[in-house]
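So you can see what is in the structure, the chains are spelled out below.
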Amino acid sequence: MTMRFKRILLKLSGESLMGEQGFGIDPQRLSDYAQQIKEVHEMGVQIGIVIGGGNIFRGLSGSQKGFDRVKGDQMGMCATVINSLALSSALGAIGVKTKVLTAIRMEPIGEFYSKWKAIEAMESGHVCIFSAGTGSPYFTTDTGSSLRGIEIEADVMLKGTRVDGIYTADPEKDPKATKFTDITYDEIYTRGLKVMDLTATTMCKENDLPIYVFNMDVYGNLKRVIDGEEIGTLVHN
């Protein structure tokens, strides 16, 4: 079987981890994610993962409520570490070797990130989970995903969201909104579409890292993307 991608950077939403609970980590959603990742890992795909922390704390929204922005972002980084440990534990429970790498030193919780350590781990069969964002405030986990995807020389960033792709408008608000099968970065800018924040989008454009947006909450969709089914939207140069 010819795989569509050899190495991927999977960006997961922290909010999606809440499942039906509305807060924290839903054990069923966590288990579903782990099973989907295992399925793709067993196909021979090398996997790096960045997961957000919005189910626990989001730095930007915290700063809007009076938190110091730097401290708020640091709290958000810690939230991503919690989610990364949870996903690592869920994967380990079903026999998948993982390595949690952190952008800020916090051994023994995780190893300090480096590109070469990550690539070596993925090539030896580990799923690498990159936590604590970029390690700096004022950057989102989307930007962290772009940075890690470029560094590890991923073929694509797979952005797992709660929607099945990119639309001309918000499909929940505009029933006439139509979905793109693929779209260029330039068109994203021209139309003012918010796929990711501007910094993250620009990094991917300038380093020619395509993004594939799909609904990760539908069980089996990750494998469908790897198999080449057109279930989402491809963003490219």
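Residues numbered from 1 in each chain as written. Predicted model: local features only at pLDDT ≥ 70, side-chain atom pairs only at ≥ 80, totals over all residues. Heavy atoms only, no water.

From N to C terminus, the chain includes eight helices and nine strands. A compact globule built from 237 residues should have a C-alpha radius of gyration of about 18 Å, and the chain, at 17 Å, falls within 12% of that. The C-alpha extent of the chain, read off along each of the three principal axes, is 55 × 50 × 35 Å. Put simply, the chain has 237 residues, and 49% of those count as buried. Taking the contacts inside the chain whose residues are at least 6 apart along the sequence as the reference set, 72% of them involve residues at least 24 apart. (Helix = DSSP H or I, 4+ residues; strand = E, 2+ residues; numbered from the N terminus. Rg over C-alpha atoms; globule rule 2.2 N^0.38 Å. Buried < 20%, exposed > 50% of the residue type's maximum accessible area, 1.4 Å probe, protein only. Contact = heavy atoms within 4.5 Å.)

The next point concerns the UniProt feature "binding site: UMP" (unreviewed entry) in the chain. The UniProt entry lists Gly53, Asp73, Thr134, Gly135, Ser136, Pro137, Tyr138, Phe139, Thr140 and Thr141 under the feature "binding site: UMP" (unreviewed entry), expressed in the numbering used here. In this structure, threonine 141 sits in helix 5 (residues 141-151). (UniProt positions renumbered as here; feature names shortened; annotations may be inferred.)

Applying the stated criterion to the full structure yields zero disulfides. Of all cysteine sulfurs in the structure, the one in cysteine 204 sits closest to cysteine 128, which takes part in no disulfide; the separation is 19 Å. With relative accessibility at 0%, the residue cysteine 128 sits in the buried group. (Disulfide = S-S within 2.5 Å.)

What follows concerns the pairing of strand 6 (residues 156-161). The buried fraction of strand 6 is high, at six of six residues. Residues Val156, Leu158 and Gly160 line one face of strand 6 and the alternating positions Met157, Lys159 and Thr161 line the opposite face, and both faces are buried. Bridging between strand 1 (residues 7-12) and strand 6 involves five bridges; their strand directions are parallel. Across the sheet, the residue bridging to leucine 10 is leucine 158, located in strand 6. (Pairing = 2+ DSSP bridges.)

With that out of the way, let us pick up the packing of aromatic side chains. If you walk through the whole model with that rule in mind, you get one aromatic pair. Taking 5.5 Å as the distance between ring centres and 85 degrees as the angle between the ring planes, the aromatic pair formed by tyrosine 113 and phenylalanine 130 counts as edge-to-face. Remark: phenylalanine 130 occurs in strand 5 (residues 127-131) and tyrosine 113 occurs in the loop between strand 4 (111-112) and helix 4 (115-123); sequence separation between them is 17 residues. One cation-aromatic arrangement involves arginine 4 over tyrosine 212; the distance from NZ or CZ to the ring centre is 5.0 Å. (Phe/Tyr/Trp six-rings, centres within 6.5 Å; stacked < 30°, edge-to-face > 60°. Lys NZ or Arg CZ within 6 Å of the ring centre and 35° of its normal.)

Now for the pattern of salt bridges. Pairing between side chains of opposite charge can happen when their charged atoms approach one another. This structure, assessed with the given rule, holds 15 salt bridges. Here aspartate 73 makes a salt bridge to arginine 69, at a shortest N to O gap of 2.9 Å. Here aspartate 73 pairs with arginine 69, and both are found in helix 3 (residues 69-93), just four residues apart, close to one helical turn. Residue aspartate 73 is classed as buried on the basis of its relative accessible area of 8%. Salt-bridge contacts for glutamate 111 lead to lysine 99; the nearest nitrogen and oxygen are separated by 2.8 Å. Within this pair, whereas glutamate 111 is found in strand 4, its partner lysine 99 is found in strand 3 (residues 98-102), the two being separated by twelve residues in sequence. On the basis of relative accessible area, glutamate 111 is assigned to the partly exposed category, the value being 31%. When salt bridges that share partners are traced, they join Lys11, Asp142 and Lys159 into one network. (Salt bridge = Lys/Arg side-chain N within 4 Å of Asp/Glu carboxyl O.)

It is worth spelling out the nonpolar core at this point. If you look at the biggest cluster of nonpolar residues, it comprises 32 residues, and the most contacted ones within it are Leu10, Leu12, Ile37, Ile49, Leu87 and Leu158. Contributing elements (two or more residues each) for this core: strand 1, helix 1 (27-41), strand 2 (46-51), helix 3, strand 5, strand 6, strand 8 (211-215) and helix 8 (221-227). Among the elements that make up this core, the one with the highest residue count is helix 1 (five residues). One finds Tyr113, Ala121, Met122 and Cys204 within the second-largest nonpolar core, a separate group that totals 27 residues. (Core = buried A, V, L, I, M, F, W, Y, C linked by side-chain atoms within 4.5 Å.)

Taken together, the buried positions of helix 5 are Asp142, Thr143, Gly144, Ser145, Ser146, Arg148 and Gly149. On its buried face, helix 5 is in contact with strand 1, strand 2, strand 5, strand 6 and helix 7 (198-206). With a side-chain oxygen positioned 3.2 Å from the backbone nitrogen of aspartate 142, the residue opening helix 5 is threonine 140. Glutamate 153, located one to two residues past helix 5, shows a positive phi value of around 60 degrees. (Polar contact = N/O pair within 3.5 Å; in protein donor to acceptor, adjacent residues only side chain to side chain.)

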